[in-house]
Amino acid sequence: MIRQKQAYIETFGCQMNDRDSEIMGQLLTESSYLLTSKMSEADVVIINTCSIRGKAEEKAFSLLGRLKKKKQKKPSLIVAIAGCVAQQEGNKIFERMPHIDLVLGPQSIYRLPELLKDLEKNKHNKTATEQSTSFSIPAFLPSLKDNLIPHKKFVTIMQGCNNFCTYCVVPYTRGREVSRKLEDILAEVSHLAAKGIKEITLLGQNVNSYGLEKTGELPPGGTSFPDLLRAVAGIEGVARLRFTTSNPKDLSEDLMCCFTELDNLCPHFHLPVQSGSNDVLKKMNRKYTIESYLEKVAKLRGYSPGIAITTDIIVGFPGETENDFEATMDLLEKIRFHGLFSFKYSDRPHTRSNEFSDKVPEEIKSKRLARLQSRQEEINMERNLEYVGQTLKIMVEGASKSAEGQWSGRTGSNHIVNFNGHSNLRPGQILEVTIDEACLHSLRGTLI
Ligand code: SF4
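Worth saying up front: this structure is predicted, and the values here are computed from it rather than measured.

A.B. asks: So what about the overall build of the chain? Which residues, and what values?
C.D. replies: Tallying secondary structure elements over the chain gives 13 helices and 19 strands in all. With respect to the principal axes defined by its C-alpha atoms, the chain has extents near 65 × 60 × 50 Å. Relative to its full complement of 448 residues, the chain shows a buried share of 53%. Approximately 20000 Å² of the chain is accessible, and the part contributed by carbon and sulfur atoms is 54%. Considering the chain, the positive charge centre built from 59 side chains and the negative charge centre built from 55 side chains are found 6 Å apart.

A.B. asks: Outline the pattern of salt bridges, listing residues and values.
C.D. replies: Applying the stated rule across the entire model yields 37 salt bridges. The residue R19 makes a salt bridge to E188 at a minimum N-O spacing of 2.8 Å. With R19 in helix 1 (residues 15–30) and E188 in helix 7 (residues 182–194), this pair connects stretches of sequence that are 169 residues apart. You'll find R19 and E188 in the same group, each marked buried. Across the pair R174 and D20 runs a salt bridge whose closest N-O atoms are separated by 3.1 Å. In this pair, R174 sits in the loop between helix 6 (170–173) and strand 9 (178–179) while D20 sits in helix 1, placing the two residues 154 residues apart along the sequence. Put simply, E333, R336, R375, E378, E382, R383 and E386 are held in one network by salt bridges that share partners.

A.B. asks: Break down the nonpolar core for me, with residues and values.
C.D. replies: Counting residues in each nonpolar core, the largest one holds 62 residues, and the members touching the most others are L202, F225, L229 and F243. Each of domain 2 (137–266) and domain 3 (277–386) accounts for three or more of the residues forming this core. Those residues in contact with L229, other than ones at most four positions away along the chain, are L202, L241, F243, L255, C258, L262 and L265.

A.B. asks: Give a detailed account of the site of the ligand, specifying residues and quantitative values.
C.D. replies: Surveying the vicinity of the ligand reveals the residues C161, N163, F164, C165, Y167, C168, V170, P171, Q205, N247 and R286. Tallied by class, the residues present in the shell around the ligand amount to seven nonpolar, three polar and one charged.

A.B. asks: I'd like a description of helix 5 (residues 112–122), backed by residues and values.
C.D. replies: If you check which residues of helix 5 are buried, you get L112, L115, L116 and L119. Along the axis of helix 5, the buried residues cluster in a sector spanning 100 degrees; they form a single face. Residues of helix 5 that are exposed and point more than 90 degrees away from the buried face comprise K117 and K121. Looking at the packing, one finds that the buried side of helix 5 touches helix 1, strand 3 (44–49), strand 4 (78–83), strand 5 (102–104) and strand 6 (126–128). In the stretch just after helix 5, K123 is the one whose phi turns positive, near 55 degrees.

A.B. asks: How would you summarise the pairing of strand 17 (residues 416–420) if you had to cite specific residues and measurements?
C.D. replies: By the bridge criterion, five bridges tie strand 16 (residues 406–411) to strand 17 in an arrangement that is antiparallel. Considered in strand 17, the bridge of W407 is made with F419. Where strand 16 folds back onto strand 17 in an antiparallel hairpin, the turn is made up of four residues, including N414, whose phi is positive at roughly 75 degrees. The pairing of strand 17 with strand 19 (residues 443–447) spans four bridges and is classified as parallel. Residue N420 lies in a different strand from strand 19, and its bridge partner there is T446.

A.B. asks: Lay out the state of the cysteines with the relevant residues and their values.
C.D. replies: What the rule picks out here adds up to zero disulfides. Residue C257 stays outside any disulfide, its sulfur separated by 7.0 Å from that of C258, the closest cysteine.

A.B. asks: So what's going on with the sheet that holds strand 4? Residues and values would help.
C.D. replies: Across the sheet, which stays open at both edges, the six strands sit in the order 2-1-3-4-5-6 with parallel pairing between neighbours. In this open sheet, the two edge strands, each paired with only one partner strand, are strand 2 (34–35) and strand 6. Of the strand pairs in this sheet, strand 5 and strand 6 are connected by three bridges, and their pairing is parallel. Residue pairing across strands places L104 opposite A128, the latter belonging to strand 6. Seen against the sheet, helix 5 touches strand 3, strand 4, strand 5 and strand 6 and runs at an angle of roughly 165 degrees to strand 5.

A.B. asks: So what's going on with the side chain of N384? Which residues, and what values?
C.D. replies: Turning to its location among the elements, N384 is positioned in helix 13 (residues 362–385). When its relative accessible area of 2% is taken as the criterion, N384 is described as buried. Discounting chain neighbours no more than four positions away, the residues touching N384 are H415, A438, C439, L440, H441, S442 and L443.

A.B. asks: Can you tell me about a positive patch on the surface, naming the residues and giving the values?
C.D. replies: On the surface, R66, K68, K69, K70 and K73 cluster together into a patch of positive charge. Inspection of the secondary structure puts K68 in helix 2 (residues 54–73). Residue class for K68 comes out partly exposed when judged on its relative accessible area of 44%.

A.B. asks: Outline the environment of D324, supporting the account with residue identities and numerical values.
C.D. replies: Checked against the element boundaries, D324 lands in helix 12 (residues 322–335). Under the relative-accessibility criterion, D324 is labelled buried at 8%. It is 44 Å that separates the C-alpha atoms of D324 and I430, two residues lying 106 residues apart in sequence. Once residues lying within four places of it in the same chain are set aside, the contact partners of D324 are S277, D279, V280 and G319. Within the structure, D324 has its side chain in polar contact with the backbone nitrogen of T321 (distance 2.8 Å).

Each value, and the rule that gives it
Counting of residues starts from 1 at the beginning of each chain's written sequence and follows it residue by residue. Residues qualify for local features only when their pLDDT is at least 70, as the model is predicted, and side-chain atom pairs are given and counted only at 80 or more; totals for whole chains, interfaces and linings, by contrast, use all residues. Water and hydrogen atoms were dropped before computing side-chain values, which therefore reflect all heavy atoms in the structure. Numbering of helices and strands runs from the N terminus; a helix is a DSSP stretch of H or I covering at least four residues, while a strand is a stretch of E covering at least two. With a 1.4 Å probe rolled over the protein chains alone, any residue whose accessible area is under 20% of its type maximum counts as buried; one over 50% counts as exposed, and the rest are partly exposed. To measure how exposed things are, a 1.4 Å probe is used in the Shrake-Rupley method; for residues, cover is taken only from the protein chains shown. Counted charges follow a simple rule, with Lys and Arg positive, Asp and Glu negative, and His plus the chain ends left uncounted. Lys charges are placed at NZ, Arg charges at CZ, Asp charges at CG and Glu charges at CD. Just to be clear on terms, a salt bridge is a Lys or Arg side-chain nitrogen sitting within 4 Å of an Asp or Glu carboxyl oxygen. Each nonpolar core is a collection of buried residues, namely Ala, Val, Leu, Ile, Met, Phe, Trp, Tyr and Cys, held together in the definition by side-chain atoms within 4.5 Å. Domain start and stop points were drawn from an automatic or database domain assignment. Only heavy atoms enter the contact rule, under which two residues are in contact if any of them lie within 4.5 Å. Near residues are defined by distance, with any heavy atom within 4 Å of the molecule or strand qualifying the residue. Amino acids are sorted into nonpolar (Ala, Val, Leu, Ile, Met, Phe, Trp, Tyr, Cys and Pro), charged (Asp, Glu, Lys and Arg) and polar (every other residue, Gly among them). Note that the arc is defined by the directions from the helix axis to the C-beta atoms. Each pair of strands is called paired provided DSSP finds at least two bridges between the two strands. The definition used for a disulfide is geometric: two cysteine sulfur atoms within 2.5 Å. Inter-axis angles, ranging from 0 to 180 degrees, are taken between N-to-C directions of lines fitted to C-alpha atoms, where helices are fitted over the stretch in contact. To count toward a patch, a residue needs a relative accessible area above 30% and no salt bridge. Like charges then connect within 9 Å, nonpolar side chains (Val, Leu, Ile, Met, Phe, Trp, Tyr) within 5 Å. Polar contacts, as counted here, are pairs of nitrogen or oxygen atoms within 3.5 Å of one another; within protein the pair requires one atom able to donate a hydrogen and one able to accept it, and residues that are adjacent in sequence qualify only if both atoms are side-chain atoms.

Take a look at the structure:
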């Protein structure tokens, strides 16, 4: 009996990479590969990489390094690197790791079956890292096994970014903004909803600029992001709708209105601010000021009083002074975010800030990060205490990871709630719980 070829995919980084790995997995399955979770059984190994920080890149290279031995034992093994490091480093990767066969950029994942065929035939390494301005995202309908239908899913609406924040590799590794065709997005969401998927998260590096041309203008007859939200929210079966990630400069009043108009649009907004200092925001090329950010947040809270706002902050950006950092700490007090993802600045290849002088010493970065995180943890707790006594709708996620015999669910505001539930609950069900207790990163409740 002919043994079916097997493929193993390891994914690092963001939801965009998860999505790309899902697409590569499906393309491989459609070309008669079997996906395996055991690298040792694979005929093809794909490492889908992230380049947002040095650490993520090193992790991927150390895994790729370990594949050299496997390749020596099994010369027919095909080793591929995909994702942002593949795009960033290109051909140079073969010098560093000659045992790698394929370097695959994010825009080339749809060519994977053809590239593998060519590799099997010609046995010499290949690079596919073209980035063309005429690139368009092909239509894609996830094939879902009926017995493995999840209750929520990410749907990519665009790829790339035109913003060139000075610390970010994304515009170099994922190219210019390309918005997916409206009909392809609606077809995919309808397909998923018909399969019983209840929660949809629209995904892009900067979803607010969906459908906009390079000029930032909406072409005649074009569909803006708020209109896309309205169209997706109107699809039968979509119980909950979310989106990520947004650049505050493109946050429009029309988008804010959606939080009042659309009952199934979840009251949570991830709005990366990155710094509380206008000087630092200028050096980051973020194209907004703290004053405009505060104004937009206040307006958004006007449209959706209970909305949970979370953010990203980078500490130790080149030239960040004590005063700049104090401005960031002030911002925490002014907005009192419901959650924060925070990082120490790190140089990234090709980015402008890589060339900036007056880098902040590591120990100062660490001190600032620790202070920022400890204050935000206090605010998290204060914010979570505000929910005690409230009755909230949650979507069941499954058995609780942290509490034996308990179930876990998620509120519209994206808070995890642990609660006692009976065994016939199902992920995706929407139930009401009364919040009895607040914890640092979750809530405890009682099913009504
Ligand atoms: S908007 Fe986001 S993805 Fe785009 S360059 Fe800035 S940080 Fe990177």
